[in-house]
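Close look at the chain arrangement
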Amino acid sequence: MKKPRSLPLATPIWLASVLLVASLTGCASSGTQAASDKVDPLERYRKQAVEWKTCDPTILGNEEDWGDDPDEDEEIDISMDSAKRKYGNRLRCASIRAPLDWANPDRGDVVISLLRLAARKPDQRRGSLLINPGGPGADGLPMAFNIEQLLIEKGDAEHPERALHLQLVNEYDMVGFSPRGTGASTQLRCASNELVHTLDYSAAGMTPQNIANARYNNRKETEACLKNPITPFINTDATARDMDLIRGLLGDGKLNYLGYSYGTWLGAWYASLFPDRVGRMVLDSYIDFSRPLDFVPPQIPARQRALDDILIPYAVRHARHFQLGTSEAAVRRSMADLSARMQHTVAVPLMLTGYRRDGADDFLEIIAIARELEGLFKSMPKPLNFAAAEKAAQRLPFITRIPARKADRQIIAQRLLASYFESLRNPKRESLDLDFNASTYAAIRCNDAPASVDENAWEKRLKESAERSPHFFFGLYSNPCTTWTRPSVKQPDWSPLRTLDLLLVQSQYDVATPLEGANAFFDQLPRAYRVYVRGELEHGVFPYRDKNCVDQTVARYLLGETPAQRETVCAAHPLPLDARKPQNRK
């Protein structure tokens, strides 16, 4: 089961996938202000007319830009053409204006784009459910119909919670939006003609020169972002105020909200500013809002823990399938014995497959294929030839031994080969040019009063992490906040959150929003409730498709029913091969 496509929290800037390419749009405020505007400069925003129209068929960009889904059976159809045929007049898009600077509306406007999937039963409508997928930098525009597909179209018709899921889409307008800086809204772009350095992501690459290259890249990224005049206004405070504007224009007295990952930070910020306007608020895979924003460092030990406690034992249980060894020590050696160049090659793929239960097989197969490729390279004449290696790789025993996995494993091998040979060629340095994901990620990360702003402390933590977690430390290379001028906003007093009956959702082995921070924050919210999935590593849990636990608790909460107990503990779904019947296991 796949969650809505979103940029995983704290994906390093160089990994952000290209979703859309569009020009920066910033509209100057126009005309002479009406008399009422002089009294309240925000009046023209709060009373603007919202014109809902048929969505442009290309509003989500190219479908292939959203990346590959490893589980094609659970593919979320994001084609606007098919969505329009499926949902008809229920599906509409609109754009609204918001002040670029909420403290000084005369600076001009930004545009915020919305997509709404109206309640199936308008006579039973209870309001809108605003949804954010995280990032920061992820475009949330398609979340409205992504959530509906996950709730009732991709699930089993006999699912025990299906009636509750139907009730949600019957009674809520599902609303997605492109946060400022992203997607179909006013975009932020950080770009420069100056060239960035290529980094080595292996632990062996932890050299003074590599660290100097990272310092240089961070400095150039900062310079490129701060040259853009809208950068100071791309922050969580502004987006939270945009959300309140959306709430009012939708005609809702309270904001009902479902936020994932960074979207939980955004939701907590909103609730701190406007506690009396919070309706039902679900924060799924949440960040500790009681501390300054600190994305990457807590993830590194969390990734190591998931590897040690979940993935390595899984590889041993299915040793015949993964071919990595019959003991935990053997599996660890299979990773440690990869050459530095191959460790650099697999670093990014391992990070991207580590967020979900369904990525466990891919994670381990990447390691197995990397091992076979290195064995292949040793048998080939030097210098290595890419075409010959690519042809030979298709016949490697691990790739061909399970026909049902052959095509997928061949794709993994092709991608690893391309990356490996690219590193051999000493690639040409390229100009700094960040897409809206990466640009917005950097701006929010550094404008929201971050925790890590000292270069020397950053370098010390980088070296320590390389020693402790040699496969996962490399995300720390990116930290433009160490050279950022200053944060543009101050995190609000979050004490109002103590009075709200929020619903938090968390899995035990979540690598993007680790359990330590989640527990610390939950302990400080006496009126909040939590759904906790023990043994799970899924990032972004709901909808979970379990019986009488996660889905029931979350759905009933959104429908107005308070959980019976402060914490609901749910059992994890098994990993893919564990879910098979014993006689079918490889």
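None of the values given here were measured: they were computed from a predicted structure. (Residues numbered from 1 in each chain as written. Predicted model: local features only at pLDDT ≥ 70, side-chain atom pairs only at ≥ 80, totals over all residues. Heavy atoms only, no water.)

**Things to note about the overall build of the chain**
- Looking only at helices and strands, the chain features 20 helices and 11 strands.
- Scored against the burial criterion, the 586 residues of the chain give a buried share of 59%.
- Sequence separation of at least 24 residues holds for 81% of the intrachain contacts in the chain that already meet a minimum separation of 6.
- By element, 48% of the accessible surface of the chain is carried by carbon and sulfur atoms, the whole surface being about 23,600 Å². (Helix = DSSP H or I, 4+ residues; strand = E, 2+ residues; numbered from the N terminus. Buried < 20%, exposed > 50% of the residue type's maximum accessible area, 1.4 Å probe, protein only. Contact = heavy atoms within 4.5 Å. Areas by Shrake-Rupley, 256 points an atom, 1.4 Å probe, with all protein chains shown as cover.)

**Things to note about helix H5 (residues 162–171)**
- Those residues of H5 not exposed but buried are Leu 164, His 165, Leu 168, Val 169, Asn 170 and Glu 171.
- Among the structural elements, strand E3 (127–132), helix H4 (143–153), strand E4 (172–178) and helix H20 (550–558) are those in contact with the buried residues of H5.

**Points about helix H18 (residues 455–468)**
- Here H18 spans 20 Å end to end across 14 residues, near enough to the 20 Å set by a 1.5 Å rise per residue.
- For H18, the full list of buried residues reads Trp 458, Glu 459, Leu 462, Ser 465 and Ala 466. Viewed along the axis of H18, the buried residues span an arc of 130°, placing them on a single side of the element. Exposed residues on H18 whose side chains face more than 90 degrees from its buried face are Asn 456, Lys 460, Glu 467 and Arg 468.
- Against the buried residues of H18 lie helix H6 (208–227) and helix H9 (299–317).
- By the N-cap criterion, in which a side-chain oxygen at the helix start approaches the backbone nitrogen of a residue two or three places on, H18 is capped by Asp 454, the distance to Asn 456 being 3.1 Å. (Expected span 1.5 Å × (residues − 1). Arc of directions from axis to C-beta. Polar contact = N/O pair within 3.5 Å; in protein donor to acceptor, adjacent residues only side chain to side chain.)

**A few points about the environment of Gly 88**
- Mapped onto the elements of the fold, Gly 88 is located in the loop between helix H3 (80–87) and strand E1 (91–99).
- On the accessibility criterion, Gly 88 (32% relative accessible area) is partly exposed.
- Between the alpha carbons of Gly 88 and Thr 54 there is a distance of 9.2 Å; along the sequence they are 34 residues apart.

**Some words on the nonpolar core**
- Among the nonpolar cores identified, the biggest contains 86 residues, and Met 281, Tyr 477, Leu 497 and Leu 502 are the most heavily contacted of them.
- No other element matches the 7 residues that helix H8 (residues 262–273) contributes to this core.
- If sequence neighbours within four positions are ignored, Leu 497 has contacts with Ala 268, Ala 271, Ser 272, Phe 289, Leu 502, Phe 521 and Leu 525. (Core = buried A, V, L, I, M, F, W, Y, C linked by side-chain atoms within 4.5 Å.)

**Structural notes on the packing of aromatic side chains**
- Applying the stated criterion across every chain yields a total of 15 aromatic pairs.
- Residues Tyr 270 and Phe 274 carry aromatic rings whose centres are separated by 5.0 Å and whose planes lie at 50° to one another, so their mutual orientation is tilted. No difference in accessibility class separates Tyr 270 from Phe 274, as the two residues are buried.
- One aromatic cluster is present, formed by Phe 377, Phe 386, Tyr 420 and Phe 421 through successive ring pairs.
- Directly above the ring of Tyr 557 sits Arg 280, whose terminal nitrogen or CZ lies 4.0 Å from the centroid.
- In this structure, Arg 409 packs its charged tip against the face of Phe 398, placed 3.8 Å from the ring centre. (Phe/Tyr/Trp six-rings, centres within 6.5 Å; stacked < 30°, edge-to-face > 60°. Lys NZ or Arg CZ within 6 Å of the ring centre and 35° of its normal.)

**Some points on the confidence of the model for the chain**
- For the chain, per-residue confidence averages 89 on the pLDDT scale, and 89% of positions sit at 70 or higher.
- Low pLDDT, under 50, characterises residues 4–37; the stretch is placed with 107 contacts to residues that sit more than four places away or in other chains. (pLDDT = per-residue confidence, 0-100.)

**Re the sheet that holds E3**
- Strand order in this open sheet of 9 strands is E1-E2-E4-E3-E6-E7-E9-E10-E11, and the pairing throughout is mixed. A strand with exactly one partner marks an edge of an open sheet, and here the two such strands are E1 and strand E11 (567–571). Averaged over all pairs of adjacent strands, the angle between strand axes in this sheet comes to 20°, irrespective of strand direction.
- Pairing of strand E7 (residues 278–284) with strand E9 (residues 503–507) involves 3 bridges; the strand directions are parallel. Within the sheet, the bridge partner assigned to Val 282 lies in E9 and is Leu 503.
- Running over the sheet, H8 touches E3, strand E6 (255–260) and E7 and is turned about 150° from E6.
- Along the sheet, H20 makes contact with E3, E4, E7, E9, strand E10 (529–534) and E11, crossing E7 at roughly 160°. (Pairing = 2+ DSSP bridges. Axes fitted to C-alpha atoms, helices over the stretch in contact; angles between N-to-C directions.)

**Notes on the environment of Leu 164**
- If you trace the backbone, Leu 164 turns up in helix H5.
- The spatial distance from the C-alpha of Leu 164 to the C-alpha of Leu 559 is 8.6 Å, given a sequence separation of 395 residues.
- Residue contacts for Leu 164: discarding those within four places in its chain leaves Gln 552, Ala 555, Arg 556 and Leu 559.

**Overview of the environment of Glu 194**
- Among the secondary structure elements, Glu 194 is positioned in strand E5 (residues 190–195).
- By relative accessible area, which is 32% here, Glu 194 ends up partly exposed.
- Separated by 23 residues in the primary sequence, Glu 194 and Asn 217 place their C-alpha atoms 9.9 Å from one another.
- Look past the residues within four positions of Glu 194 in its chain and what remains in contact with it is Lys 220, Glu 223, Glu 430, Ser 431 and Leu 432.
- A distance of 2.9 Å separates polar atoms of two side chains, one belonging to Glu 194 and the other to Lys 220.

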